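Observations on the three-dimensional arrangement
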Protein chains: 2
Amino acid sequence: MTDNSDRWVIPVSVPPPSLSDNRADADRLATALKSVLHTDDIRFSWPLLKILPRRLRANPSGEVRCVVMKDRQCFRVVGIKDLSDPTPAVGLAVDLGTTRVVMRLINLETGEALAETAMDNPQIPIGPDILARIHYAASDAGRHDLHVRIINGINAGVADLCRQAAITADDVFLMAIAGNTSMTHLFLEIVPDWIIREPYIPAANRFSLMTAAELGIAINPNGCVFVFPNVGSYFGGDLIAGILYSGLHRREEIAMLVDVGTNAEVLLGNRDWLVACAGAAGPALEGGMSRIGTTARPGVIDEIRIDPQTHEFHIHTIGDQRPVGICGSGMIDLAAQLFLTGMIDLRGKFVKDACGGRLIEEDGIRRITVVPADQSATGSELAISQTDIDSLVRSKAAMYAILETITAYVGVTFDDIATFFVAGTFGSFIKPRSAISIGMIPDLPETAYQPLGNSSLEGASLALTSRAAFDEIDSIRDRITYLELNVNPEFMGRFSAAKFLPHTDPARFPSVKRSSGGVASS
Amino acid sequence: MTDNSDRWVIPVSVPPPSLSDNRADADRLATALKSVLHTDDIRFSWPLLKILPRRLRANPSGEVRCVVMKDRQCFRVVGIKDLSDPTPAVGLAVDLGTTRVVMRLINLETGEALAETAMDNPQIPIGPDILARIHYAASDAGRHDLHVRIINGINAGVADLCRQAAITADDVFLMAIAGNTSMTHLFLEIVPDWIIREPYIPAANRFSLMTAAELGIAINPNGCVFVFPNVGSYFGGDLIAGILYSGLHRREEIAMLVDVGTNAEVLLGNRDWLVACAGAAGPALEGGMSRIGTTARPGVIDEIRIDPQTHEFHIHTIGDQRPVGICGSGMIDLAAQLFLTGMIDLRGKFVKDACGGRLIEEDGIRRITVVPADQSATGSELAISQTDIDSLVRSKAAMYAILETITAYVGVTFDDIATFFVAGTFGSFIKPRSAISIGMIPDLPETAYQPLGNSSLEGASLALTSRAAFDEIDSIRDRITYLELNVNPEFMGRFSAAKFLPHTDPARFPSVKRSSGGVASS
């Protein structure tokens, strides 16, 4: 949208009252808004109502800018700014990740991003993964602690953003937050106990608009907080936001969206149908993807090339700093290169002859050195063990099996997929070529793969800048059919078949060519 | 309603989740409620959502009682009680009068009244009338003071009521409050400045459901507060509640409803149409009705009979106590008796000969003694001056002129009116015969007059005990046509003609017979 007619800030002219038009202030303003919003259900928040008569009379022309937000079928008026007020009405988009929280301020009138900040999820000290936090949340005190941590974290972020953008927090009227189902429950202090227990039941999937005041969010107290809805325990609001941003729900051709964060979540569909599944439901992937490597940050190895002749390692780190570890995409690059150069075999096992001096065996566990101690930033050797590789192989097998299962369920083939969106940090860094080489993702043309970046944040931003996009959220949610993998009889067979590199059926990966082929013994 | 199927407390059975029904807790509960409420728009308040998973699993049978409330088209679930919990879910009805605040606790499940209390409006020390309070409310601090006074007053009442009924405030889930437009604004701390300034504009006429927590009402914090809507500055929620209680909006025959409190408000109509006007809009009635006598309380004279022969006064006081003053109905009785016995003439002036020794003149102002000093509770003489009588005559003239104007506007006659409801304390004490005798109300059969009692409180109670009745509130409001008296060209002529007792046209009051007729000079 390049014009501003689709925004949440509506400029209107409110006629002054007269003896022949003695409607209440709220009614005259609602009528003015109605001509834009095309609904009779326009409501005013109480704090705004308190001052409405004076606010309307502050400007003799009766021209004001109203900040509105939609709550299912009704519109709420949450802020009124004078037409001549030079300060913008601002929105706050939040991607509430299990690991990272990313926040962005947006000018609600122009759609322009004003500032961005990110932080580790302040709940991490309680537990790095969701499971630990949900156990901690079993007590009222624990649940409250987790809630307060995230609220305080967001408030610190708001202060930082407002400084960056040189605005006051009182000008932030709307907030949209997207997170997975567990994070959403913990954000709202809702008992999450049964999300992780069979049959995996969230307390709620949709949430009414809340006020910043009731949530304790330090924006305009009268501001509205929109929480993205979930589909179920394993398909959350972050994914809905991602779909919204990708636009695949509006396309004629079939597309797939994969988000690999704590879990691997997959959506397949087009404008007519949407089918979703999530990897955490698959037994082999339980916590799997998250265990590979470390989070992408400066010094982390994100690319590795192994010379096919010399087996020399060429590494690249984020920010070109001395290496501190390997992130997920680096691990996939490494596995692909090890496989393509014959240093691991079809089952992912180290090939002793090919690995040479890099292979070390200690207490029966083999590892290869990626960066020697004297070249790393930590002073310790960076190595990858057979256990790490085995774990990666299981994860890639699970991923491929998920993609195969959902595709088969719908009755299409990988060739029917026009676009393969890869969301999240993982999607930003992953090299499709490497992921294809190990058989993690289908052997599609590289152009089919499109990184989406932080699609959760982008989707939340979109909800704040387009009323039309916002309106799509519920319909996306309602249209999704969720496929349970752990009751799918074929999943385990597909998973086993995918535990080879690239697959037990190499014909599925015609583009993958090893420099030294054949199965070598370990 | 004798059955409980129309209540705000809905007993439902929520099936436990399973792998084949892994809908969220809120969704399964909403589906159960949907079969009763027949809507998809069922929302859960945040505090309830927080504990919903545990609340639903507390009872293995899945049977619970949900307290719901409607917010325009959607239902909000505000409380859940176990089926076996013996404590009732309770509602609080409030009549927010300018002078008195009356509160009632109601068992939401049976409709039974549990306790009642009343107090002077805690804003009275700021100003006995609305005008003084609105001026005081011009400053933010003043407005906040008035708001806090009424909130604190209600909270004290809640504590009293809960003691009386032996319930905890946490079991009070719903509150319905009905007041005039100004009192509603002051209750909600909304700038009331323009209610009293031409063209008399309220800030708002309809109010969204609010939570007890945001208002600071000391019931269940998650409880919902419903504020009756206004029609305009001079026709408020108390009248809407009164109409609801009277049921005149559902009848085929035409009825009139008159509420004489601070203002005189009148509604005429039936199931097809409703027309309203208010006396404060008439210049002669400005504050008029409220000035007559004192508020009804123990010791106040509510009935007077004057012996036509001896001119002896027979008085009755509320509670049969020594007299302390005269209330509105006592004043009307007195005026009627003075007129019928010839002690005042057709213009309401004292007739010296007929009054005899009771008539005293001091500083050019005449008065008659009603109770000598030695018989009153105050030790002072209770007297009525010519000024008081003149004021009453103006008020009764205004009242009659209002009734005549609204009737003529609609094109019906008094004889078309099947029922004449008289609301408020005034309505409970007034003797129609006396009011007819002075020409305050039309000369209809006495059986046509029906006192409604505290119809504002009764209407608020009805809103809490019947969903069907609640649904009528908005339609009553929307159907009312408001007639502005101060722009009505005929009103002043009618008012002047009605300043005689009973009227310049005595044919209108065939039933009024004086014991000593004729115009006597003063």
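Please read these numbers as outputs of a predicted model, since none were measured by experiment. (Residues numbered from 1 in each chain as written. Chains lettered and ligands numbered in written order. Predicted model: local features only at pLDDT ≥ 70, side-chain atom pairs only at ≥ 80, totals over all residues.)

Our next topic: the overall build of chain A. Counting its regular elements, chain A contains 16 helices and 22 strands. Taking 2.2 N^0.38 as the reference for a compact globule, 522 residues should give roughly 24 Å; the C-alpha atoms of chain A span a radius of gyration of 26 Å, in line with that estimate. Reported as C-alpha extents along the three principal axes, the dimensions of chain A are approximately 95 × 50 × 45 Å. Each of the 522 residues in chain A was classed as buried or not, and the buried ones make up 52%. Sequence separation of at least 24 residues holds for 67% of the intrachain contacts in chain A that already meet a minimum separation of 6. (Helix = DSSP H or I, 4+ residues; strand = E, 2+ residues; numbered from the N terminus. Rg over C-alpha atoms; globule rule 2.2 N^0.38 Å. Buried ≥ 20, exposed ≤ 12 C-beta atoms within 10 Å, placed from the backbone. Contact = placed C-beta atoms within 7 Å.)

Turning our attention to the packing of helix α1 (residues 25-37) of chain B against helix α2 (residues 46-57) of chain B. Residue and element names in this part refer to chain B. Look at α1 against α2: their axes get within 10 Å of each other, and the N-to-C directions meet at 75°. Regarding the angle of α1 to α2, the classification is roughly perpendicular. Contacts between α1 and α2 involve Asp 25, Ala 26 and Leu 29 on the former and, on the latter, Leu 49, Leu 52, Pro 53 and Leu 56. (Axes fitted to C-alpha atoms, helices over the stretch in contact; angles between N-to-C directions. Parallel < 35°, antiparallel > 145°, perpendicular 65-115°, else oblique.)

Low pLDDT marks regions whose predicted coordinates should not be analysed in detail. All names here are of chain A. When the pLDDT values of chain A are averaged, the result is 91; 95% of them are 70 or greater. Predicted confidence for residues 281-291 stays below pLDDT 50, and this span has 33 contacts to residues more than four positions away or in other chains. A low-confidence stretch, residues 517-522 stays under pLDDT 50, and its non-local contacts, those more than four residues away or across chains, total 12 contacts. Confidence estimates for the predicted assembly give a pTM of 0.91 and an ipTM of 0.90. (pLDDT = per-residue confidence, 0-100.)

Listed as interface residues are 37 residues of chain B and, on the opposing side, 38 residues of chain A. Only α1, β2 (42-44) and α2 of chain B provide two or more residues apiece to the side of chain B that touches chain A. Ranked by residues supplied to the side of chain B that touches chain A, first place goes to α2(B) with seven residues. Class assignment for the residues of the side of chain B that touches chain A results in 22 nonpolar, five polar and 10 charged. (Nonpolar A, V, L, I, M, F, W, Y, C, P; charged D, E, K, R; others polar.)

With 326 residues, the main nonpolar core has Met175(A), Ile177(A), Val266(A), Met175(B), Ile177(B) and Val266(B) as its most contacted residues. Each residue touching Ile177(B), except ones within four places of it in the same chain, is listed here: Val94(B), Leu96(B), Phe187(B), Val225(B), Val227(B), Phe228(B) and Ala460(B). (Core = buried A, V, L, I, M, F, W, Y, C linked by C-beta atoms within 7 Å.)

Turning to the relation of the copies chain B and chain A, a few remarks are in order. Each copy of the sequence occupies a distinct position, and chain B is placed on chain A by a rotation of 180° and an axial shift of 0.0 Å, giving an RMSD of 0.2 Å. Taken together, these values place the two copies in the relation of a two-fold axis. Identified as the residue of chain B closest to the rotation axis by C-alpha distance is Glu214(B), at 4.1 Å. (Least-squares fit on C-alpha atoms with pLDDT ≥ 70 in both.)

Let's shift gears to the sheet that holds strand β3 (residues 63-71) of chain A. All names here are of chain A. On the basis of which strands lie adjacent, the open sheet formed by four strands has the order β1-β3-β4-β2 and mixed pairing. Two strands close off the open sheet at either side, each with one partner strand: β1 (9-13) and β2 (42-44). Here the average twist between neighbouring strands, direction ignored, is 45°. In this structure, β3 lies alongside strand β4 (residues 74-82), joined through eight bridges in antiparallel fashion. From the neighbouring strand, Cys 66 faces β4, where its bridge partner is Ile 80. Taken strand by strand, helix α1 (residues 25-37) contacts β1, β2, β3 and β4, and its axis lies near 120° from that of β1. In the packing of helix α2 (residues 46-57) onto the sheet, contacts are made with β2 and β4, and the angle to β4 comes to roughly 45°. (Pairing = 2+ DSSP bridges.)

In many analyses, interface size is given as the accessible surface area lost on bringing the parts together. Residues and elements named next belong to chain A. According to the domain assignment, chain A consists of domain 1 (9-82), domain 2 (90-227), domain 3 (247-287 + 396-506) and domain 4 (290-392). Computed over C-alpha atoms only, the centres of domain 3 and domain 4 are separated by 27 Å. Contact with domain 3, which involves 15 residues of that partner, is made by 17 residues of domain 4. Those elements that provide at least two residues to the side of domain 3 that touches domain 4 are α12 (424-429) and α13 (432-437). Looking at the side of domain 3 that touches domain 4 residue by residue, the class counts come to eight nonpolar, five polar and two charged. (Domains from an automatic or database assignment.)

It is worth spelling out helix α14 (residues 455-465) of chain A at this point. Within α14(A), 11 of the 11 residues are buried, which leaves it mostly tucked inside the rest of the structure. Regarding α14(A), the residues found buried are Ser455(A), Ser456(A), Leu457(A), Glu458(A), Gly459(A), Ala460(A), Ser461(A), Leu462(A), Ala463(A), Leu464(A) and Thr465(A).

Another aspect to go through is the environment of Pro128(B). Residues and elements named next belong to chain B. Note on placement: Pro 128 falls in the loop between β7 (113-120) and α3 (130-136). A residue is classified by how many C-beta atoms lie within 10 Å of it, and Pro 128, with 16 of them, is partly exposed. In this structure the C-alpha to C-alpha distance between Pro 128 and Thr 99, which are 29 residues apart in sequence, comes to 7.3 Å.

The next point concerns the sheet that holds strand β8 (residues 172-179) of chain A. Residues and elements named next belong to chain A. Spatially, the six strands line up as an open sheet ordered β7-β6-β5-β8-β10-β9, and their pairing is mixed. Both edges of this open sheet fall to β7 (113-120) and β9 (210-211), since each of them pairs with a single strand only. Taken together, the seven bridges between strand β5 (residues 90-96) and strand β6 (residues 100-107) define a ladder with antiparallel strand orientation. Bridge pairing in β6 places Gly 91 opposite Ile 106. Across the sheet, helix α7 (residues 237-246) lies against β5, β8 and β10 (224-227), angled at about 105° from β8, the strand it touches most.

Before going further, it helps to spend a moment on the environment of Met183(B). All names here are of chain B. In this fold, Met 183 is placed in helix α5 (residues 181-187). For Met 183 and Glu 253, which are 70 residues apart along the polypeptide, the C-alpha to C-alpha distance reads 32 Å. Not counting chain neighbours up to four residues away, the residues in contact with Met 183 comprise Leu 96 and Thr 98.

Most peptide bonds take the trans form, and the phi angle of most residues other than glycine is negative. Omega for the bond connecting Glu198(A) with Pro199(A) falls within 30 degrees of zero, at 5°, which places this linkage in the cis form. If you trace the backbone, Pro199(A) turns up in the loop between α5 (181-187) and β9. Across the junction of Leu501(A) and Pro502(A), the peptide omega takes the value -10°, indicating a cis bond. By the element assignment, Pro502(A) lies in the segment after α16 (491-497). A positive phi is found at Arg72(A), a non-glycine position, where the angle reads about 55°. Tracing the chain through its elements places Arg72(A) in the loop between β3 and β4. The exposure class assigned to Arg72(A) is partly exposed, which follows from the 14 C-beta atoms found within 10 Å. Backbone geometry at Tyr200(B) places phi at a positive 60°, although glycine is not the residue there. Within the secondary structure layout, Tyr200(B) lies in the loop between α5 and β9 (210-211).

What follows deals with the environment of Arg251(B). Residue and element names in this part refer to chain B. Structurally, Arg 251 can be placed in the loop between α7 (237-246) and β11 (254-260). Arg 251 sits in the partly exposed class, given 15 other C-beta atoms within 10 Å. For the pair Arg 251 and Phe 44, spaced 207 residues apart in sequence, the C-alpha to C-alpha distance is 36 Å. Leaving out residues up to four positions away in the same chain, Arg 251 has contacts with Asn 270 and Arg 271.

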